[in-house]
Every structure is written in structure tokens, then in C-alpha cells.
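Structural features, examined
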Amino acid sequence: DMSSLAGFRVYSQNNDLIGNISRVINNPGQLLLQIFSDSDREILVPLHDDLILELEEEKRYIKIEIADGLAEVN
């Protein structure tokens, strides 16, 4: 269940910290991660199995492939 990702830290494929997952939004047709950066900026990132590079439940982090510029645009 992807809603259990709330509170996880999110890293990009470059190991850059994007922020922390506030919640998983079940949009029609796709899931979105609502992430808040350290500067409290909201970032919405589509979540799809193909984009998950690493998921570590014990350490509570997820590494995802994120399109260049997406974290900066939102």
C-alpha cells in the first residue's frame, strides 16, 4: 500500500534529497507524491513502479527517477 510512504524521505536518481512525503494522492489514473522540501515548498511527483529505483522501508526512504527540473518547477 503506497499510502504507507507518508513520512519517507525522497531522493532523486542523483542522490539529491527532494524532501519528505506528506501524503500519497490517489489521482484518477495515477498516484502523486506530495512532497515538502526542507524549505517547505510543495512538490508533486507522479509515482509509478517503473520510476522507483530503491525503496528502503526500514530506513524510511525512497529513491525515484525524477524528470530534470520537475523538483524545481513545482
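Scroll up to find the structure this text is about.
All of the points below concern the structure found in this document.

Per the secondary structure count, the chain includes 1 helix and 6 strands. Taken from N to C terminus, the helices and strands of the chain fall in the order β-β-β-β-β-β-α. For 74 residues, the compact-globule estimate of 2.2 N^0.38 gives 11 Å, and the chain sits close to it at 11 Å. For the C-alpha atoms alone, the extent of the chain along its principal axes is close to 30 × 25 × 20 Å. When the 74 residues of the chain are sorted by exposure, 32% land in the buried category. For the chain, restricting intrachain contacts to residue pairs at least 6 apart in sequence, the fraction spanning at least 24 positions comes to 38%. Within the structure as shown, the chain displays about 4,700 Å² of accessible surface, and the carbon and sulfur contribution to it stands at 44%.

With that settled, consider the pattern of salt bridges. Under the criterion given, the structure shown has 1 salt bridge. A salt bridge links K63 to E54, with the nearest nitrogen and oxygen atoms 3.7 Å apart.

What counts and how
Residues numbered from 1 in each chain as written. Predicted model: local features only at pLDDT ≥ 70, side-chain atom pairs only at ≥ 80, totals over all residues. Heavy atoms only, no water. Helix = DSSP H or I, 4+ residues; strand = E, 2+ residues; numbered from the N terminus. Rg over C-alpha atoms; globule rule 2.2 N^0.38 Å. Buried < 20%, exposed > 50% of the residue type's maximum accessible area, 1.4 Å probe, protein only. Contact = heavy atoms within 4.5 Å. Areas by Shrake-Rupley, 256 points an atom, 1.4 Å probe, with all protein chains shown as cover. Salt bridge = Lys/Arg side-chain N within 4 Å of Asp/Glu carboxyl O.

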